Amino acid sequence: MAQSSKLVEEMVAQFLSRLPSKALMRFKCICKSWYNLINSPSFVAQNLFNSMNNKFTSSTCIIAKHTVLKDSSITDRNEISDILQYGNNDKKQILLSSLTLCDNLDGDDQELYCIIEDDLIIPFPLGRSSFNLYIVGHCDGIICLTSFLCDDDGDIALCNPSIKEFNHLPKSGIHLPPKNEDDYLNEYNVGFGYDSKAKVYKVVKIVDFSSSHPPRVEVYTLGADCWREIKAFVLGTISGQRSLQMYFKGIYYWSGFSYITRELQYVFFAFDMSDELFYLIYPPEDAFGIYMNLAVWKESLLLVTHKEEAPKCFDLWLNEDSDFLKGSWTKYFTIKPIEVEIPLVFWKSNEILMVNVDRRIVSYNLDTQTLKCLPIHGAEDPLCICAINYVNSIISVKRNNKLKCVETYMWQNNN
């Protein structure tokens, strides 16, 4: 009888681990045993593994950050601009919208099935300005948000939209001098990712000063609830260009300028989340357009370049080397001139999300060379809209989340 009861419990656990996060949050209330099961690190890891390896669905989950006006009747662009720039927060709100994308169920290649599953409102103070709020990294359902204004050292938060959790990180441990001193704060840059060796999530913060002193670096580990400064040297200056910042397979990337040689060189700074060291990657010499975006395509790094003139052409540069730090780039494809503003993210091997001139998110098909509009838009400048590929998870971002018992094999996709 005991063996039969244990078998039933295992079957229940297997069934529950395949359910979406919304259902699991409700099922916590059914009984104490289910509450304990769903909160256990091994179950959390199994649920994440199932979400990342679901072979029974062709859909893709996307999180889009955009700003909407609470009064949808306002259509005048000048009035919208004034509200976004000067209006108070009761007239607008910044959303993280969860989208489900897949090809048309009727088999029509010209149609795209898209549904807005849920909207998460960004709370104050992060939601005070869309122009200064950025998704600086995401991993395993956790999103890192940062908001930087000129009068402070910024706000950083970890968020899991699936379970609607926010964790506003404590203030930096690095002393910021008064603004009237020569060594004042110039800029800070933030990255987020997963350390597969220590099995922890980390936020790295680079504090750059205006003087000749080198940048200082500190790391926040989820569960430790404090910053620690590390001796990692940044051989140059990070530019802070948001389109060239991303996390991929244990490495976080920024763009910037290196002083390692006598000549100033444009480079990518790569921070290894496990060994906590910086490396330099050189972009392709012929890839310098006015604008560049880093992306992931077919499990490889991709650099998307374009010039300012409209309609825009986009060149795709692929880094196919298994060691991404070598920076071996090949020009793979050129997208013909199209009326869009910026690229966002690949959601399929032949489909890339972009933002058009009307601030709407569209999907461009590389094979058919056609655009399909999605039912989502932004009221602000197209450059303020961003989107990421997202995996649903029930990983808590609360400060007491230790995550020490998660089995290694559950995280194999991060290695």
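Since this is a predicted model, take the numbers as computed values, not measurements. (Residues numbered from 1 in each chain as written. Predicted model: local features only at pLDDT ≥ 70, side-chain atom pairs only at ≥ 80, totals over all residues. Heavy atoms only, no water.)

### Details of the sheet that holds strand S5 (residues 142–147)
Here is step 1: Within the open sheet, the 4 strands sit side by side as S4-S5-S6-S7. Their pairing is antiparallel. Edge positions in the sheet fall to strand S4 (133–139) and strand S7 (165–168), since each has one partner strand and no second. Averaged over all pairs of adjacent strands, the angle between strand axes in this sheet comes to 25°, irrespective of strand direction.
Here is step 2: With 6 bridges connecting them, S4 and S5 associate as antiparallel partners. Directly across from Ile-135, in S5, lies its bridge partner Leu-145. (Pairing = 2+ DSSP bridges. Helix = DSSP H or I, 4+ residues; strand = E, 2+ residues; numbered from the N terminus. Axes fitted to C-alpha atoms, helices over the stretch in contact; angles between N-to-C directions.)

### Remarks on the pairing of strand S24 (residues 370–377)
Here is step 1: Bridge count for strand S23 (residues 360–365) against S24 is 5 bridges, and the pairing is antiparallel. Paired with Ser-363 across the strands is Lys-372, a residue of S24.
Here is step 2: With antiparallel pairing between neighbouring strands as the criterion, S23 and S24 make up a hairpin whose turn holds 4 residues, including Gln-369 at a positive phi of roughly 55°.

### Here we look at the packing of aromatic side chains
The description of an aromatic ring pair rests on the distance of the ring centres and on the angle between the ring planes.
Here is step 1: Within this structure, the stated rule accounts for 12 aromatic pairs.
Here is step 2: Aromatic side chains Tyr-220 and Trp-227 sit 5.6 Å apart centroid to centroid with 55° between the ring planes, which places their arrangement in the tilted category.
Here is step 3: Overall, the relative accessible area of 0% leaves Tyr-220 in the buried class.
Here is step 4: On the numbers, 6.4 Å between centres and 75° between planes, the contact of Tyr-266 with Phe-268 is edge-to-face.
Here is step 5: Chaining the aromatic ring pairs together yields one cluster made of Tyr-252, Trp-254, Phe-271 and Phe-278. (Phe/Tyr/Trp six-rings, centres within 6.5 Å; stacked < 30°, edge-to-face > 60°. Buried < 20%, exposed > 50% of the residue type's maximum accessible area, 1.4 Å probe, protein only.)

### Things to note about the pairing of strand S2 (residues 92–103)
Here is step 1: Of all 12 residues making up S2, 10 are buried, and the element is well covered by its neighbours.
Here is step 2: Where S2 and strand S3 (residues 112–121) come together, 9 bridges link them in antiparallel fashion. Counterpart to Asp-103 in the pairing with S3 is Leu-112.

### Regarding the environment of Val-12
Here is step 1: With respect to the helices and strands, Val-12 occurs in helix H1 (residues 2–17).
Here is step 2: With 22 residues separating them in the primary sequence, Val-12 and Trp-34 have C-alpha atoms 9.4 Å apart.

### Describing unusual backbone geometry
Here is step 1: Phi at Lys-249 is positive, roughly 50°, even though this residue is not glycine.
Here is step 2: With a relative accessible area of 33%, Lys-249 lands in the partly exposed category.
Here is step 3: The residue Glu-299 is not glycine, and still its phi comes out positive at about 60°.
Here is step 4: Within the fold, Glu-299 resides in the loop between strand S17 (291–297) and strand S18 (300–306).

### Comments concerning the confidence of the model for the protein chain
Here is step 1: Of all residues in the protein chain, 79% attain a pLDDT of 70 or more, and the chain-wide mean is 81.
Here is step 2: Within the protein chain, strand S13 (residues 246–248) carries the highest mean pLDDT (94), whereas helix H5 (residues 77–86) carries the lowest (62).
Here is step 3: Every residue in residues 404–415 is under pLDDT 50, and counting partners more than four places away or in other chains gives 26 contacts. (pLDDT = per-residue confidence, 0-100. Contact = heavy atoms within 4.5 Å.)

### Some points on a nonpolar patch on the surface
Here is step 1: On the surface, a nonpolar cluster with roughly 430 Å² of combined accessible area is contributed by Phe-233, Leu-235, Ile-260 and Tyr-282.
Here is step 2: Note that Leu-235 resides in the loop between strand S11 (227–230) and strand S12 (236–238).
Here is step 3: Accessibility expressed as a relative area gives 44% for Leu-235, which makes it partly exposed. (Patch = residues over 30% accessible without salt bridge, like charges linked within 9 Å, V, L, I, M, F, W, Y side chains within 5 Å. Areas by Shrake-Rupley, 256 points an atom, 1.4 Å probe, with all protein chains shown as cover. Salt bridge = Lys/Arg side-chain N within 4 Å of Asp/Glu carboxyl O.)

### Some thoughts on the packing of helix H3 (residues 32–39) against helix H4 (residues 41–52)
Here is step 1: Across the interface, H3 lies against H4 with an axial gap of 5 Å and an inter-helix angle of 65°. Classed by the angle they form, the pair H3 and H4 counts as roughly perpendicular. Between H3 and H4, the residues in contact are Leu-37, Ile-38 and Asn-39 and Pro-41, Phe-43 and Val-44, respectively.
Here is step 2: Along the lines of polarity and charge, the residues of the contact of H3 with H4 split into 5 nonpolar, 1 polar and no charged. (Parallel < 35°, antiparallel > 145°, perpendicular 65-115°, else oblique. Nonpolar A, V, L, I, M, F, W, Y, C, P; charged D, E, K, R; others polar.)

### Here we look at the side chain of Asn-365
Here is step 1: Considering the arrangement of structural elements, one finds Asn-365 in strand S23.
Here is step 2: Each residue touching Asn-365, except ones within four places of it in the same chain, is listed here: Asn-350, Glu-351 and Thr-370.

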